[in-house]
Amino acid sequence: MNRNRGPAPSYKDIARQVAEQCLRLWQPAFPLGRPPGDSANRMSGPSATALPDLPLTVGSGGAGSGVLTVGLPWLSRACSDRWIGRRLVWWPRGIPEFRRIAIASSRLSRRLDQEHRWFDLLRTALIRVDPEQEAVIVVEGTAVAEIVRRAACILQKPTIGIHLWQETDPVAFGGIVDWISQRLSSVDSQSRPAQPHASQDDQGIREKSVLASECPTEEFFWPAEVSPEFRAESPQREGALTFIGGDPTFIGGELTPIGGELTPIGGELTPTGGDLNRAASPDEGTGSVGDVERSVPSLSRLPLADRLLFALASRVCVLSRRRGGHVESLIRHHIADGDRAEVLVFVAEDFCGNSKRQETVSQSTVVRWIVQSLVADDDRVASSRGGSGAAGAGPADRHRCLHREAPGIPAGDSRGGSGPLIQPEEWLLHWTRPRPGPWPNQSREDWMDELILGCRTADRSALACLLRIVGEGLLRASSEGIRGAFPVISFTEVPLGEFSRRRVFRGHRHRFDFEPWGIAIRRDLLQRLGARPVIYGSEDDWQELSAAERPFFQKAADDQSSTDNRAEREWRLCRDLSLAAIAEVDWCLFVENDSAAGTLSREVSCDVIVVPA
């Protein structure tokens, strides 16, 4: 039956009525008419603990229709409010009918190539996902969202991607109306809702979204958007709001194309349990939340993205957690929440099978998860020591394993008394360091694929960097850290024999200086090619330099630390340098240990020198 009375309401009108109904749920002053004990307020079947699945459907009403829900559709209103606050969720392709698998983890180190164990766990967790019945949850803003999203694509697993709205503070009535209106009007753009009506700032965020990346499994991708938190207060109205049909019922049903009719199907928006006139506080639980230790942050103080990941899950796989970190706190809140405690949490043990569980972890909820690593034992142990990439420190151990018969080359200089250890004034040194990311000109997706698939080519140790340089026969100029973005190759005239005592970690740059890995080239050769000493100075000095001199400028003191940059005694060459064009007697390699020297000596005919300890 067509219940329209007069012109079809606009998206804004519908959005306003939806927001009004939310107020009736979240604010005691606006109770719904039906008493909370009435059986009509409850759903039946397996979703008996959920909010109404389809409070507002936009489109055909079938698969792929946009659906707006109050909170998370698999939770009771009180539980949803407790975990994510008073929020709406927009499902542009409808609500996926999957069990939801969350991959939770603390933040990883910058050296992802040393996280062998973690990637073993990730592959195992995703391989066990049943693509017919289960989907992987990816929430923007969680520590490993980008990696999990990419891994799910590679392994062809359905994915539920959650985008968080940019607002961090609760939004008033008008803001929620605008948000709902934009969602409803975007029904023709299901994968990226609301772009035609979004602000420039919002579109900028979407372009950077890890959920919007191209993926071969995009057809198995269910996006969702979480609204800002609703500040439950009475809207400012110029006149009385007239509800369609005369009753304060929620609007649901189809929105026909422009020019057609809006056919609302009446259906009261009612929670599935609890008092309609009482809104649960974000930290209030139905179980034993109050029993969570006082040292654990309150649930509302933990990051929303992490809370969403746990709240959405039908199963949680924790790959890593730091003592006292967000993941550990969420586990404790999870097992103390009577509405969530039945959802199992699989917590990975370390590679020796040692448990890192805390006394508060319930045995009935948290399951020990031990997975045998594919990486050799010596690699795992070395990686756990947090090495910098040298032999005996993770990735470079693999080279040692491949070249166990390689003879060690003692520290010294075989260049007839003219090498960088004997006559340091004749040489300039370029040190290399581990690279925490893709190679130059390599896409981030390709880099992540190497990590996810456990490829040995994912190694980014200092030794791997040297092997790549000699393999290409090219030392590439880089603009990283150079004012004016001039591409240069940096060298130092500090003697190689002083590297060990000068090596220091620069926290503001997240790296070591004076790495014992690199290439030595004769100074006179580099000078003929255009290398020059760096000009150390102040901001005033920079302003006075000519365009030709600026590539050689470096501030004498670092703005972010007390570091005196002049101690580096830097030279720069403003071009790439082909090693094939240099005679073997004019360049050599230096490394930290005999094992690496043996590995490199198999690849080059020039000398390889071990840096003195």
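Okay, so let's go over this structure. The residue numbering used here restarts from 1 in each chain and proceeds along that chain's sequence as written. Side-chain atom pairs in this predicted model are given and counted only at pLDDT of 80 or more, local residue features only at pLDDT of at least 70, and totals for whole chains, interfaces and linings cover all residues. Note: side-chain values were computed over all heavy atoms of the structure, leaving out hydrogens and water.

## A short note on the environment of threonine 432
Heads up, the rule is: Numbering of helices and strands runs from the N terminus, with a helix taken as a DSSP run of H or I at least four residues long and a strand as a DSSP run of E at least two residues long. Residue burial is assigned from relative accessible area. The probe radius is 1.4 Å, only protein chains are included, and a residue is buried under 20% of its type maximum, exposed over 50%, and partly exposed in between. Pairs of residues are marked as contacts when any of their non-hydrogen atoms sit within 4.5 Å.
Residue position: threonine 432 is located in the loop between strand S13 (427-431) and helix H11 (444-452). Residue threonine 432 is classed as buried on the basis of its relative accessible area, which comes to 5%. Measuring from C-alpha to C-alpha, the distance between threonine 432 and isoleucine 469 comes to 9.8 Å, with 37 residues separating the pair along the chain. Every residue in contact with threonine 432, bar those within four places of it in the chain, is listed here: Ala462, Leu466, Ile469, Glu515, Trp517 and Gly518.

## Topic: unusual backbone geometry
You will see that glutamine 156, though not glycine, has its phi angle at about 60 degrees, which is positive. Mapped onto the elements, glutamine 156 comes out in the loop between helix H4 (145-154) and strand S6 (159-164). One non-glycine residue, asparagine 441, adopts positive backbone phi at about 70 degrees. On the secondary structure map, asparagine 441 appears in the loop between S13 and H11. Asparagine 441 sits in the exposed class, given a relative accessible area of 75%.

## Focus on H4
Across the 10 residues that make up H4, a large majority, eight, are buried. Along its buried surface, H4 packs onto strand S4 (99-105), helix H3 (116-127), strand S5 (134-139), S6, strand S7 (221-226) and H11. Where H4 terminates, the next one or two residues include glutamine 156, which has phi positive at roughly 60 degrees.

## Some details on the pairing of strand S24 (residues 587-591)
Heads up, the condition is: Should DSSP find at least two bridges between two strands, the strands are regarded as paired. Note on handedness: a crossover is taken as right-handed if, strands pointing away from the viewer, the path from the first strand over the helix to the second is clockwise.
With respect to burial, S24 is a largely interior element, five of its five residues being buried. Alternating positions in S24 separate into two faces, Trp587, Leu589 and Val591 on one and Cys588 and Phe590 on the other, with burial throughout. Pairing geometry for strand S18 (residues 518-522) and S24, over four bridges, is antiparallel. When the bridges of S24 are listed, isoleucine 521 appears paired with tryptophan 587. As defined by bridge partners, S24 adjoins strand S25 (residues 608-610) across three bridges and the pair is classed as parallel. Bridge pairing in S25 places leucine 589 opposite valine 608. The handedness of the S24 to S25 crossover, carried by helix H16 (residues 594-601), is right-handed.

None of the figures reported here should be taken as evidence of function without further support.
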